Amino acid sequence: AALTKKWLFSFLTLDRPMFRLRATEFLAERVTPEDRPRIDGLVNAPARQGAVRIAGLELLSRLKASDAEDRLVDALGDPYPDVAKRATSILATAAGPALVVRLNKLVREADARQRAYATLALVEMCRRERKNAFERETVTALVAGLTVVTRNVRDFGPAGVPLIDPFDNRAQ
């Protein structure tokens, strides 16, 4: 079993999306604290290896590591949009009261990219749990300084509203 896990971990760094997906799914059911150094290596992969970081975040969340939530929140600001989007989805499923407070604070105070993805995480929590996860102060801040998240910056740009293109790696 240890050899199989080692072999599958090696698949996670290949530029083969289907291998990476299947290996992540298989390993997610079998990760143990002894796998933590390998998982940290995936999470800390270079910027150009966003898909490898996604696999690492998936495994880290399945491991239920004590710092998993912190690492996922940090990933909301990742320059690779798919990493931030996946961190958003994972956080939305792990909704606890402290996380909801933390995400609300990010929506009010973080940089534009983290604000956008924290907002998406809260929206997903609302959808999943069918109850409001937004604090009154957060809603006020959103209305006062709304940022539009869209790929269609050409049409929204002339409106003068703050914009984030989640697929633009240069966006802040």
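I will try to describe carefully the structure that is included in this document. (Residues numbered from 1 in each chain as written. Predicted model: local features only at pLDDT ≥ 70, side-chain atom pairs only at ≥ 80, totals over all residues. Heavy atoms only, no water.)

### Remarks on the nonpolar core
- L59 and L103 are the most contacted members of the largest nonpolar core, which has 45 residues in total.
- Elements that contribute at least two residues to this core include exactly helix 1 (2-11), helix 2 (17-28), helix 3 (36-43), helix 4 (50-63), helix 5 (68-75), helix 6 (81-93), helix 7 (97-109) and helix 8 (112-129).
- Top element by residues in this core is helix 4. It accounts for seven residues.
- Not counting residues within four places of it along the chain, the set of residues in contact with L103 comprises L76, L91, A118, A121, L122 and M125. (Core = buried A, V, L, I, M, F, W, Y, C linked by side-chain atoms within 4.5 Å. Buried < 20%, exposed > 50% of the residue type's maximum accessible area, 1.4 Å probe, protein only. Helix = DSSP H or I, 4+ residues; strand = E, 2+ residues; numbered from the N terminus. Contact = heavy atoms within 4.5 Å.)

### Some details on helix 3
- By the burial criterion, the buried members of helix 3 are R36, I39, L42 and V43. What you see down the axis of helix 3 is that its buried residues fit within an arc of 115 degrees, all on one side.
- Of the surrounding secondary structure, the elements contacted by the buried residues of helix 3 are helix 1, helix 4 and helix 5. (Arc of directions from axis to C-beta.)

### A closer look at the layout of surface pockets
- Computed from the structure, the largest pocket encloses a volume of approximately 460 Å³.
- If you go around the largest pocket, you meet 22 residues; those closest to its centre are I54, E58, S61, R86 and I90.
- Mapped by element, the contributors of at least two residues to the lining of the largest pocket are helix 2, helix 4, helix 5 and helix 6.
- Of the residues in the lining of the largest pocket, the class split is twelve nonpolar, three polar and seven charged. (1 Å grid on protein atoms, 1.4 Å probe; cavity = no way out; pocket = protein on both sides within 12 Å on 5 of 7 lines; lining within 4 Å. Points joined across faces, edges and corners; volume = space filled by probe spheres on them. Nonpolar A, V, L, I, M, F, W, Y, C, P; charged D, E, K, R; others polar.)

### Description of the pattern of salt bridges
- For the structure shown, the criterion picks out 14 salt bridges.
- Through salt bridges with shared partners, a single ionic network connects R36, D40, D67 and R71. (Salt bridge = Lys/Arg side-chain N within 4 Å of Asp/Glu carboxyl O.)

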